[in-house]
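# Remarks on the overall topology
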Amino acid sequence: MNKEQIDDQIARYAQKCTSLVDEVGRVLVGQEAMVARLLVGLLTGGHVLLEGVPGLAKTLAVRSMARAIHTGFSRIQFTPDMLPADVIGTEVFNPKEATYSVKKGPIFSNLILADEINRAPAKVQAALLEAMQERQVTIGKESFALEEPFLVMATQNPIEQEGTYPLPEAQVDRFMLKVLIDYPSRDEELSIISLTTSGVQPVVRQVATADDILRARETVHRVYIDEKLQRYIVDVVHATRRPAEFGLDIGKLIEYGASPRASIYLTLAAKAHAFLEGRGHVLPEDIKAISMDVLRHRVILSYEAEAEEIGSEQVVTQILGRVQVP
């Protein structure tokens, strides 16, 4: 496929994405950054973890995005007493025929809203991990493939610890992006009041299909990234493991650096960011714009960093400021 054909596809499907953003914006005031990151996840097949205090429209954003796409949607409200069968399904015994049949759970859909995911116990997390990584679910002795597009958009509350289970590092690493949701501005909050107290709630219309998303994904993979930028991505990730090689005196703050999965996700996310900007090639600005959301949950800090109240974002900021941009 030549450059003109790729540019034509980018223009066509980027318009679909613009329509998605506009449609979600009819019911969601502000939070454009959150919607943009959800789109990056959709365009790359990468799962997204949304973290913020209650009341910041995390659930509304995911539900509205799903309704704007003509595809399957399931909302799973996680609780401490859940069992894996509540998520993936189970085998049901038929006494008349003395046979077992499979009753599929809510994970068998396309867009999954995992609400308050950190409330689920370890066995439920393990079942969800297989679905996220392998795109399949095992019930009894049989495995079932999950239909594409399949995407987990999870939310968690960072301030409430009672009745919660910290996500295992292996599962956190499966999320392409971890997005922190902030409070709206004063003007945005005024608009929220007007929208939610008028007595007339706007309804999200379907403006795209699952096929549109899958075709857009194919186009995102064709976005060009220069070898120098690939080396830059590897250097940024490598700096989280051996910062001293880049002249950074922060090694004592890092317990574990980012895995090679970070390099893969950072490349894909940068391509999606360029796509949403209407370009067929990646710029250094695309990588920098998406780096924090890809790396903040992959840099594991030491006890010394926690004692000094230094967060992973501060470490990533230092790395991005130090690694030379090509």
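Here is what the cut-offs are and how they apply
- Residues numbered from 1 in each chain as written.
- Predicted model: local features only at pLDDT ≥ 70, side-chain atom pairs only at ≥ 80, totals over all residues.
- Heavy atoms only, no water.
- Helix = DSSP H or I, 4+ residues; strand = E, 2+ residues; numbered from the N terminus.
- Rg over C-alpha atoms; globule rule 2.2 N^0.38 Å.
- Buried < 20%, exposed > 50% of the residue type's maximum accessible area, 1.4 Å probe, protein only.
- Contact = heavy atoms within 4.5 Å.
- Areas by Shrake-Rupley, 256 points an atom, 1.4 Å probe, with all protein chains shown as cover.
- Lys, Arg positive; Asp, Glu negative; His and termini not counted.
- Charge placed at Lys NZ, Arg CZ, Asp CG, Glu CD.
- Pairing = 2+ DSSP bridges.
- Axes fitted to C-alpha atoms, helices over the stretch in contact; angles between N-to-C directions.
- Arc of directions from axis to C-beta.
- Core = buried A, V, L, I, M, F, W, Y, C linked by side-chain atoms within 4.5 Å.

### Focus on the overall build of the protein chain
Of regular secondary structure, the protein chain possesses 13 helices and 13 strands. Over its C-alpha atoms the protein chain spans a radius of gyration of 21 Å, differing by no more than 12% from the 20 Å that the globule rule assigns to 326 residues. Over its C-alpha atoms, taken along the principal directions, the protein chain stretches across nearly 70 × 45 × 45 Å. Here the protein chain holds 326 residues, and the buried ones make up 49% of them. If you take every contact in the protein chain between residues at least 6 apart in sequence, the share linking residues at least 24 apart comes to 77%. When the accessible surface of the protein chain is summed, it comes to about 16300 Å², and 51% of that surface belongs to carbon and sulfur atoms. The centroid of the 35 positive side-chain charges in the protein chain is displaced by 4 Å from the centroid of its 44 negative side-chain charges.

### Section: the pairing of strand β10 (residues 175-180)
Counting buried positions along β10 yields five of six residues, so the element is predominantly enclosed. Two elements, strand β1 (residues 47-51) and β10, share five bridges in a ladder whose sense is parallel. Bridging from a neighbouring strand, Leu-49 pairs with Lys-178 of β10.

### What about the sheet that holds β1?
As a general point, the strands of a sheet are linked pairwise by backbone hydrogen bonds and lie either parallel or antiparallel. In spatial order, the strands read β3-β6-β9-β1-β10; together these five strands make up an open sheet with parallel pairing. Lying at the two open borders of the sheet, with one neighbouring strand each, are β3 (73-77) and β10. Here the strands of the sheet are splayed against their neighbours by 15° on average, with no regard to which way each runs.

### Brief notes about helix α13 (residues 312-322)
Turning to α13, its buried residues number three or more, namely Ser-312, Val-315, Val-316, Ile-319 and Leu-320. The buried residues of α13 occupy an angular sector of 135° when projected down its axis, which confines them to one face. For α13, the elements touching its buried residues are α9 (227-239), β12 (254-256), α11 (284-295) and β13 (300-301).

### Considerations on the environment of Ala-126
Here Ala-126 shows up in helix α5 (residues 122-134). The spacing of Ala-126 and Lys-141 is 15 residues in sequence and 16 Å in space, taken between C-alpha atoms.

### Considerations on the nonpolar core
Residues Leu-38, Met-65 and Phe-275 are the most contacted members of the largest nonpolar core, which totals 76 residues. Counting residues per element, this core draws most heavily on helix α10 (residues 260-276), which supplies nine residues. Among residues more than four places away in sequence, those in contact with Phe-275 are Ile-10, Tyr-13, Ala-14, Cys-17, Leu-43, Ala-216, Thr-219, Val-220 and Val-223. Counting residues in each nonpolar core, the second largest holds 26 residues, with Ile-107, Ala-120, Ala-127 and Val-137 among its members.

Function cannot be read off these values alone, since they describe shape.
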